[in-house]
Amino acid sequence: MAIQQKKDQLRPSPDFFENGGMDGTTIFINNSYRKSSSLLSFGAFDPSNEQFLCNVSCGDESDVNEAVDAAELAFAPNSDWRSLDGPGRGKLLNRLADLLERDGDQVAAIEAADVGKPVLLARMADVNSAIAVLRAHAAFCISGCGLGGSELPLSSSTGVGLCYTRSQPVGVVAGILPFNFPLCGAVSKIAPALAAGCTIVVKPSERCSLSPIYLCSLITEAGFPPGVVNAVTGDSAVGQALAAHSKISKISFTGSAAVGKNILKVASDRFARTTLELGGKNPCIICPGSDTDLKEAARIACGGNFFNSGQICVGISRVFIHEDSYDEFMELVKQGAEGRAVGDPFLDGVDMGPLVDQAQMERVLSYIEQGISQGAKLITGGHRIGTKGYFVAPTVLSDVTDDNVVVKEEIFGPVMCCQRYSDVEEATRRANDNSFGLAAVVVSNNIEQAIEISHTLEAGTVWINTHGVYDPIAPYQGHKESGLGQEYGMEGLQAYLKRKTVMIKCRR
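Nothing here was measured: the structure is a model prediction, and the numbers come from that model.

About the criteria used
Residues numbered from 1 in each chain as written. Predicted model: local features only at pLDDT ≥ 70, side-chain atom pairs only at ≥ 80, totals over all residues. Heavy atoms only, no water. Helix = DSSP H or I, 4+ residues; strand = E, 2+ residues; numbered from the N terminus. Rg over C-alpha atoms; globule rule 2.2 N^0.38 Å. Buried < 20%, exposed > 50% of the residue type's maximum accessible area, 1.4 Å probe, protein only. Contact = heavy atoms within 4.5 Å. Areas by Shrake-Rupley, 256 points an atom, 1.4 Å probe, with all protein chains shown as cover. Lys, Arg positive; Asp, Glu negative; His and termini not counted. Charge placed at Lys NZ, Arg CZ, Asp CG, Glu CD. Patch = residues over 30% accessible without salt bridge, like charges linked within 9 Å, V, L, I, M, F, W, Y side chains within 5 Å. Salt bridge = Lys/Arg side-chain N within 4 Å of Asp/Glu carboxyl O. Core = buried A, V, L, I, M, F, W, Y, C linked by side-chain atoms within 4.5 Å.

A. A look at the overall build of the protein chain. Scanning the protein chain from terminus to terminus reveals 16 helices and 24 strands. The C-alpha radius of gyration computed for the protein chain amounts to 24 Å, which stays within 12% of the reference 23 Å derived for 508 residues, consistent with globular compactness. Each principal axis of the C-alpha atoms in the protein chain carries an extent, and together these give about 75 × 65 × 40 Å. The burial tally for the protein chain puts 57% of its 508 residues in the buried class. A fraction of 73% describes how many contacts in the protein chain between residues 6 or more apart in sequence connect residues 24 or more apart. Summed over its atoms, the accessible surface of the protein chain is roughly 20,400 Å², and 51% of this surface lies on carbon and sulfur atoms. The distance from the centre of the 44 positive side-chain charges to the centre of the 58 negative ones in the protein chain is 8 Å.

In structure tokens, the structure reads:
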């Protein structure tokens with residue numbers, strides 16, 4: 001479990017950011033970078049070694065107003081952007097995907113240094129996923145799938161000879177991004193907004209802003225007209241100003257349930273469309289019986305929990321194991337946790353990096369302490385690794401009761417909570433007894449049983465015998481306090497469109 005030795009040749013240096021024009025010049029409006037109007041900034045730090053990376057502009061309401069005005073101008077009728085048809089927008093999105101593919105290693109290195117995730121993971125998961133999302137939305141544009149309308153056959157008694165519907169872009173969009181997947185978060189907002197013909201202002205998380213900032217340079221290189229994509233870095237005041245802005249027609253937010261509720265309240269005052277992708281406390285039910293491969297179940301549980309250092313909204317945080325298999329399973333997940341290589345994200349073979357910052361590390365360690373004080377048994381982990389960087393050992397808690405805080409609340413760290421059950425009906429009931437409903441996992445070789453369980457689970461996505469599989473054409477959504485609306489797929493694209501019905505009195 002010791003931290004792996006450092007290997008710095010791939011790590012971006014402060015010179016990389018300064019020479020690239022990023023240091024303190026991170027607000028992107030009308031295809032140009034600039035400092036904040038206040039000239040204030042804050043530092044970005046590598047969470048694996050706590051070293052300074054660069055300064056990030058701290059925008060304010062005046063910067064938000066300028067960005068929104070630029071987006072509104074780019075959305076004006078007969079503008080260069082509005083004059084593009086679907087295939088034209090698709091060509092630009094494919095060009096952006098090409099550029100991201102070209103610079104993939106560099107973007108992955110930025111993501112690894114800023115967030116702390118292993119650089120190989122950043123390349124294979126984050127960068128490649130972002131490219132796939134861009135290409136999928138380019139395909140929507142080129143094919144017209146999900147973007148058009150339809151002719152409706154009306155009764156002759158209406159006197160209307162022709163009736164049709166058409167889809168139109170909603171207008172200027174605000175995209176407020178999470179810290180755990182900055183690049184994917186940015187693309188998940190930008191791609192559907194641009195595919196629909198909208199313009200957008202994104203607000204990266206102040207905890208991890210660097211890859212969205214770099215992405216903006218590729219927006220310019222790809223040939224998008226000025227004002228189509230804008231970015232304002234800063235603290236929560238920037239997000240609040242965007243959510244409250246009268247010219248913002250739609251808000252897409254990924255983050256905590258508490259912040260999401262506040263955004264919804266603000267947006268509702270002017271009936272702004274809102275998509276919220278919020279937190280989760282996701283269950284995994286390991287089905288009983290000799291048909292279930294416990295080694296594979298433990299592999300899925302460990303991968304789903306410790307991926308991205310547990311900083312993932314769909315992470316497996318509650319694992320239900322039948323009492324007959326419980327002890328054997330606990331030994332397997334103990335081995336799985338202790339076998340994960342924790343260390344520098346730029347070293348080959350590292351499975352898990354640090355948490356994003358000191359506040360997140362302290363939050364996770366506090367939850368572990370509270371969970372143990374409320375009766376959970378510590379099987380492994382539960383402590384900080386080293387004194388430099390924000391590393392927390394992969395942690396497994398056993399015999400956790402349903403009223404324990406670590407079962408009820410989202411921890412957002414590498415903490416697996418294991419619980420016994422006697423029958424599947426009980427496990428399903430307890431799995432649903434939570435305010436969140438984002439994702440769930442069922443592990444069983446009895447597929448009929450697994451499908452039946454999946455249909456009863458209150459979750460927007462259910463994986464059977466796997467975890468974390470995404471495709472940009474499959475919709476993604478949360479139930480209960482895990483969100484509102486959908487992302488990805490045609491359903492996600494529709495959130496950036498508004499419908500119009502046209503009726504014409506004429507002879508057919």
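B. Representation of a positive patch on the surface within the structure. A cluster of basic residues, Arg 82, Arg 166, Arg 273, Lys 498 and Lys 500, forms a positive patch on the protein surface. In this structure, Lys 500 sits in strand β24 (residues 497-504).

C. Just the nonpolar core, in detail. The biggest cluster of nonpolar side chains holds 106 residues, and the ones touching the most others in it are Leu 194, Leu 210, Phe 224, Ile 286, Val 319 and Phe 329. The next biggest cluster of nonpolar side chains, apart from the first, holds 26 residues, and it includes Ile 29, Val 64, Ile 176 and Val 232.

D. Highlighting a negative patch on the surface. There is a patch of like negative charges on the surface, built from Glu 323, Asp 324, Asp 423 and Glu 425. As for its position among the elements, Asp 324 is in the loop between β13 (316-322) and α11 (326-338). Using a relative accessible area of 67% as the deciding quantity, one classes Asp 324 as exposed.

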